[in-house]
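For reference, the chains in residue letters:
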Amino acid sequence: MLLFRAAVADHHIAVGQHGLAGCDEACARGLSREVRLACLLHDASEAFISDITRPVKHNLPEYLVIEKRLQDTIYRRFGIDPEDAEVMRNVSAIDDAML
């Protein structure tokens with residue numbers, strides 16, 4: 001299982017655990033089913049192209065293009081519009097809060 005590399009109580013958690021935690025947080029905030037599902041799937045592209053830490057990732061523009069294209073495809077497959085700014089803003093806020 002891929003690891004989500006965040007210092008959470010001084011240990012790593014699996015990407016799947018991170019997705020579930022995000023989904024739980026979206027539920028706790030009373031957000032829509034679409035936001036909850038997007039939180040669950042928001043790092044799914046890492047199953048195919050691996051994870052790179054944010055500071056490094058932001059210096060690799062080609063990687064970001066590939067990651068976005070793949071992640072958008074995954075979202076669409078599950079009925080989520082990756083161009084829905086409100087949904088993506090909520091997902092980003094929850095993701096940032098969990099880091």
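Quick note: structure is the one above.
So, here is what we can say about the structure in this document. (Residues numbered from 1 in each chain as written. Predicted model: local features only at pLDDT ≥ 70, side-chain atom pairs only at ≥ 80, totals over all residues. Heavy atoms only, no water.)

With respect to the overall build of the chain
At step 1: Each helix and strand counted, the chain has six helices and two strands in total.
At step 2: Secondary structure elements of the chain, listed N to C terminal, follow the sequence β-β-α-α-α-α-α-α.
At step 3: The 99 residues of the chain split such that 37% are buried.
At step 4: Here the analysis covers contacts within the chain between residues at least 6 apart in sequence; of these, 54% occur between residues at least 24 apart.
At step 5: For the chain, the accessible surface area stands at approximately 6100 Å², while carbon and sulfur atoms represent 57% of it. (Helix = DSSP H or I, 4+ residues; strand = E, 2+ residues; numbered from the N terminus. Buried < 20%, exposed > 50% of the residue type's maximum accessible area, 1.4 Å probe, protein only. Contact = heavy atoms within 4.5 Å. Areas by Shrake-Rupley, 256 points an atom, 1.4 Å probe, with all protein chains shown as cover.)

What to know about the side chain of Asp72
At step 1: Relative to the helices and strands, Asp72 is located in helix H5 (residues 61–77).
At step 2: The contacts of Asp72, once residues within four sequence positions are left out, are Pro82 and Glu83.

Considerations on the packing of helix H1 (residues 15–28) against helix H2 (residues 33–41)
Helix-helix packing is characterised by the crossing angle of the two axes and by the distance between the axes.
At step 1: The N-to-C vectors of H1 and H2 enclose an angle of 160°; their axes lie 7 Å apart at closest approach. Between H1 and H2, the interaxial angle falls into the category roughly antiparallel. Both H1 and H2 take part in a crossing whose hand is right-handed. Between H1 and H2, the contacting residues are Gly19, Leu20, Gly22, Cys23, Ala26 and Cys27 on the first element and Val35, Arg36, Cys39 and Leu40 on the second.
At step 2: Split into classes, the residues belonging to the contact of H1 with H2 amount to seven nonpolar, two polar and one charged. (Axes fitted to C-alpha atoms, helices over the stretch in contact; angles between N-to-C directions. Parallel < 35°, antiparallel > 145°, perpendicular 65-115°, else oblique. Left-handed = near helix turned anticlockwise from the far one by under 90°. Nonpolar A, V, L, I, M, F, W, Y, C, P; charged D, E, K, R; others polar.)

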